[in-house]
Amino acid sequence: MTSCRVSIVEVGPRDGLQNEKAAVSTADKVALIGRLAEAGLRRIEATAFVSPRWVPQMADHADVMAGLTPRPGFTYSALVPNEKGAEAALAAGAQALAVFTAASETFSQKNTNCTIAEGIARFEPVLALARRAGIPVRAYVSCALDCPYEGEIAPAAVADVSARLLGIGCDEIAVSDTLGRGTPERTAGMVEAALRVVPATQIAGHFHDTHRRAIANVAAAWSLGVRVFDGAVGGLGGCPYAPGAGGNLATETLVAHFEARGIETGIDLPRLKSVATWIRSLTRTSGAGI
Ligand code: HMG
Ligand code: MG
């Protein structure tokens, strides 16, 4: 047994709820984030400061941030696509930012209406604002294995985008299997390519569980030295601009996987499972997981 620690990032309130059709009230979103923190999730992506016309589920972003109870040692982050989003997120009290692009040009266009290069150029003022505020910035590389429009993505494309994101100062690169079609073998190939340009300590793994291979993909990334993984409580979500994307890997499944191997997560699993049951009861009427 390995006695080391894994760091789990909870993305359910953002990556989960952005794609749930059932309306979840602002009060319930705030309660969800509070309950996740009480279960021991120290990094929580709380909301997204994106265009409400593109993702209406995140339109209450400022109210969600305003409702959160600050907790020492806990970080509430916000997803932002550009300077406008970063300014609003910082004004609302975000303690970390996350930017997002893709390893696929077509997905970048569909999701953010710009090329990968244009998207990365938009992140430069975001990074400047974050540096001034003294807070970290994670960058997602979506479609790191497959794209709904372009099919299989070459590992070299992930390495190229990751190097550019690291080059402009992003602190962490979250390589993301947006569609959840990946296999452990392809995950290993993609992570190995990313590792040629990004230190393992700055890589996070973000897997969707469409074909129930997310845990096997986590294990493949772990064996290569990745120690940060994302989960969404209850397996919420998908991506509104990625047809075919299933829910995220459930955080409780991720925690159970590591705890069973003697790897500490710092998370109270029974408590987390009760949060999953509760949030699922609020969203189960939805047609999530397009
Ligand atoms: P655009 O229409 O090209 O932008 O959208 P624009 O600059 O022309 O602005 C259009 C309007 O949006 C203007 O308002 C702007 O002010 C406003 P108007 O004058 O027409 O009233 N606007 C904004 N409003 C609020 N917040 C902002 C913002 N920026 C501009 N930050 C844009 C470009 C990037 C804004 C748009 O495409 C967008 O918001 N896209 C977000 C899509 C999204 O959130 N997708 C889901 C998240 S990504 C994902 O799920 C994958 C990930 O989870 C990893 C994985 O699983 O793979 C990260
Ligand atoms: Mg995702």
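Residues numbered from 1 in each chain as written. Chains lettered and ligands numbered in written order. Predicted model: local features only at pLDDT ≥ 70, side-chain atom pairs only at ≥ 80, totals over all residues. Heavy atoms only, no water.

Enquirer: Kindly report on the coordination of the magnesium ion (ligand 2), identifying the contributing residues and their values.
Expert: Of the protein atoms, only Asp15 (OD), His206 (NE2) and His208 (NE2) coordinate the magnesium ion (ligand 2), at distances of 1.8 to 2.2 Å. Mapped onto the sequence, the donors of the magnesium ion (ligand 2) take the spacing D-x190-H-x1-H. Residue Asp15 is located in helix H1 (residues 12–16), and its partner His208 is located in the loop between strand E9 (203–207) and helix H9 (214–223); the two are separated by 193 residues in the primary sequence. Comparing Asp15 with His208 shows no difference in burial state: the two are buried. (Donors = N, O, S within 2.8 Å, 3.2 Å for Na, K, Ca; no water. Helix = DSSP H or I, 4+ residues; strand = E, 2+ residues; numbered from the N terminus. Buried < 20%, exposed > 50% of the residue type's maximum accessible area, 1.4 Å probe, protein only.)

Enquirer: Explain the sheet that holds strand E2 (residues 43–48) to me, using residue names and the numbers behind them.
Expert: Ordered by their spatial adjacency, 8 strands build a closed barrel running E1-E2-E3-E4-E5-E8-E9-E10, and the pairing between neighbours is parallel. Between one strand and the next, the sheet's axes are offset by a mean angle of 30 degrees, whatever the strand orientation. As paired elements, strand E8 (residues 172–177) and E9 share 5 bridges and run parallel to each other. When the sheet's bridge partners are listed, Asp177 is paired in E9 with Phe207. Its contacts with the sheet place helix H5 (residues 105–112) against strand E4 (96–102) and strand E5 (137–142), and it is angled at close to 125 degrees to E4. (Pairing = 2+ DSSP bridges. Axes fitted to C-alpha atoms, helices over the stretch in contact; angles between N-to-C directions. Contact = heavy atoms within 4.5 Å.)

Enquirer: Run through the pattern of salt bridges, naming residues and quoting values.
Expert: This structure, assessed with the given rule, holds 14 salt bridges. A salt bridge links Arg14 to Asp15, with the shortest nitrogen-to-oxygen separation between them at 3.5 Å. Grouping residues by exposure puts Arg14 and Asp15 together as buried. Across the pair Glu152 and Arg186 runs a salt bridge, and its minimum N-O distance is 3.6 Å. Here Glu152, found in strand E7 (residues 151–152), pairs with Arg186, found in helix H8 (residues 184–195); they are 34 residues apart in sequence, far enough to count as distant. (Salt bridge = Lys/Arg side-chain N within 4 Å of Asp/Glu carboxyl O.)

Enquirer: Account for the site of ligand 1, naming residues and giving values.
Expert: Near ligand 1 you find 27 residues, and of these Gln18, Arg53, Asn111, Asn113 and Thr178 are the closest. Side-chain polar atom of Ser142 to an oxygen atom of ligand 1: 3.1 Å apart, as the coordinates give it. Relative to its unbound accessible surface of 1,100 Å², ligand 1 loses 75% to contact with the protein. At the level of elements, H1, helix H4 (83–91), H5 and E5 are the ones that each hand at least two residues to the shell around ligand 1. (Near = heavy atom within 4 Å. Polar contact = N/O pair within 3.5 Å; in protein donor to acceptor, adjacent residues only side chain to side chain. Areas by Shrake-Rupley, 256 points an atom, 1.4 Å probe, with all protein chains shown as cover.)

Enquirer: Before we move on, can you summarise the environment of Gly247 with the specific residues and values?
Expert: Looking at where Gly247 falls in the secondary structure, it is placed in the loop between strand E10 (228–231) and helix H10 (251–260). Each C-alpha atom, one on Gly247 and one on Val30, is 21 Å from the other, the two residues being 217 residues apart in sequence.

Enquirer: Give me the nonpolar core: which residues, what numbers.
Expert: Membership of the largest hydrophobic core comes to 93 residues, with the highest contact counts inside it found for Leu97, Leu165, Cys170, Phe229, Val233, Phe258 and Leu272. With 7 residues, the single largest contributor to this core is helix H6 (residues 116–133). Those residues in contact with Phe258 that sit more than four places away from it in its chain are Val6, Ile8, Val218, Trp222, Phe229, Ile263 and Thr265. (Core = buried A, V, L, I, M, F, W, Y, C linked by side-chain atoms within 4.5 Å.)

Enquirer: Outline the pairing of E9, supporting the account with residue identities and numerical values.
Expert: With 5 of 5 residues buried, E9 is to be regarded as a mostly interior element. With H8 bridging E8 and its parallel neighbour E9, the resulting β-α-β unit is right-handed. Across 2 bridges, E9 lies against E10 in parallel orientation. Paired with Gly205 across the two strands is Phe229, which belongs to E10. Note on the crossover from E9 through H9 to E10: the handedness is right-handed. (Right-handed = clockwise from strand over helix to strand, strands pointing away.)

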